[in-house]
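Coordinate analysis (summary)
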Amino acid sequence: MAKNKNKNVESNVDNKEVATTTKTKDVKAKDAKAKDAKKAKKQKSDKKGVGQKSKELYSELKKVSWPSFGKVVKTTGVVILLVAICTLLLFGADRLFYWIFSLLMG
């Protein structure tokens, strides 16, 4: 009787292993199908025409939050002012070093 119980236990273990391997194969097959579907969809989307891409571009540009004209002018003014200040500082440093160098060289 003990042998029968051991055989039943062994057969249950074998059945579980077979079921697990079958499930694993099913999962792998589903993953492969999903990957193939994604790849096909990506290839299909890559083949969009120029018209479709331009429509998508236009729809995306509608979603952009564009600054007002006044804000653009103010920001541009700040940038120009900072560039002018940096230019003057570098010019002044250049002249200062030139003057020091000319004093040293005589």
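None of these values were measured; they are calculated from a predicted model. (Residues numbered from 1 in each chain as written. Predicted model: local features only at pLDDT ≥ 70, side-chain atom pairs only at ≥ 80, totals over all residues. Heavy atoms only, no water.)

A separate point is the overall build of the protein. Each helix and strand counted, the protein has 3 helices and 0 strands in total. N-terminal to C-terminal, the α/β element order of the protein is α-α-α. When each of the 106 residues of the protein is scored for burial, the buried share is 0%. (Helix = DSSP H or I, 4+ residues; strand = E, 2+ residues; numbered from the N terminus. Buried < 20%, exposed > 50% of the residue type's maximum accessible area, 1.4 Å probe, protein only.)

Quick look at a nonpolar patch on the surface now. The grouping of L96, F97, W99, I100, F101, L103, L104 and M105 at the surface amounts to a nonpolar patch, some 940 Å² of accessible area in total. Within the secondary structure layout, L104 lies in helix α3 (residues 69-105). (Patch = residues over 30% accessible without salt bridge, like charges linked within 9 Å, V, L, I, M, F, W, Y side chains within 5 Å. Areas by Shrake-Rupley, 256 points an atom, 1.4 Å probe, with all protein chains shown as cover. Salt bridge = Lys/Arg side-chain N within 4 Å of Asp/Glu carboxyl O.)

Take the pattern of salt bridges next. Scanning the model with the defined rule gives 1 salt bridge in all. Between E60 and K63 there is a salt bridge, with the nearest N and O atoms lying 3.4 Å from each other. Separated by 3 residues within a single helix, E60 and K63 lie in helix α2 (residues 50-63), roughly one turn from each other. Residue classification places E60 among the partly exposed residues on the basis of a relative accessible area of 45%.

Aromatic ring pairs are reported here in terms of the distance separating the ring centres and the angle at which the planes meet. Inspection of every chain in the model, using the stated rule, returns 0 aromatic pairs. For the cation-ring pair, R95 lies above Y98, with the distance from its terminal atom to the ring centre recorded as 5.7 Å. (Phe/Tyr/Trp six-rings, centres within 6.5 Å; stacked < 30°, edge-to-face > 60°. Lys NZ or Arg CZ within 6 Å of the ring centre and 35° of its normal.)

It is worth spelling out α3 at this point. In this model α3 runs 54 Å from its N-terminal to its C-terminal C-alpha over 37 residues, within 8% of the 54 Å that 1.5 Å per residue would give. Within two residues after α3, G106 carries a phi angle of roughly 85°, on the positive side. (Expected span 1.5 Å × (residues − 1).)

Across the protein, pLDDT averages 80, with 68% of residues at or above 70. Mean pLDDT per element in the protein: helix α1 (residues 2-46) is the minimum at 63, and α3 is the maximum at 97. (pLDDT = per-residue confidence, 0-100.)

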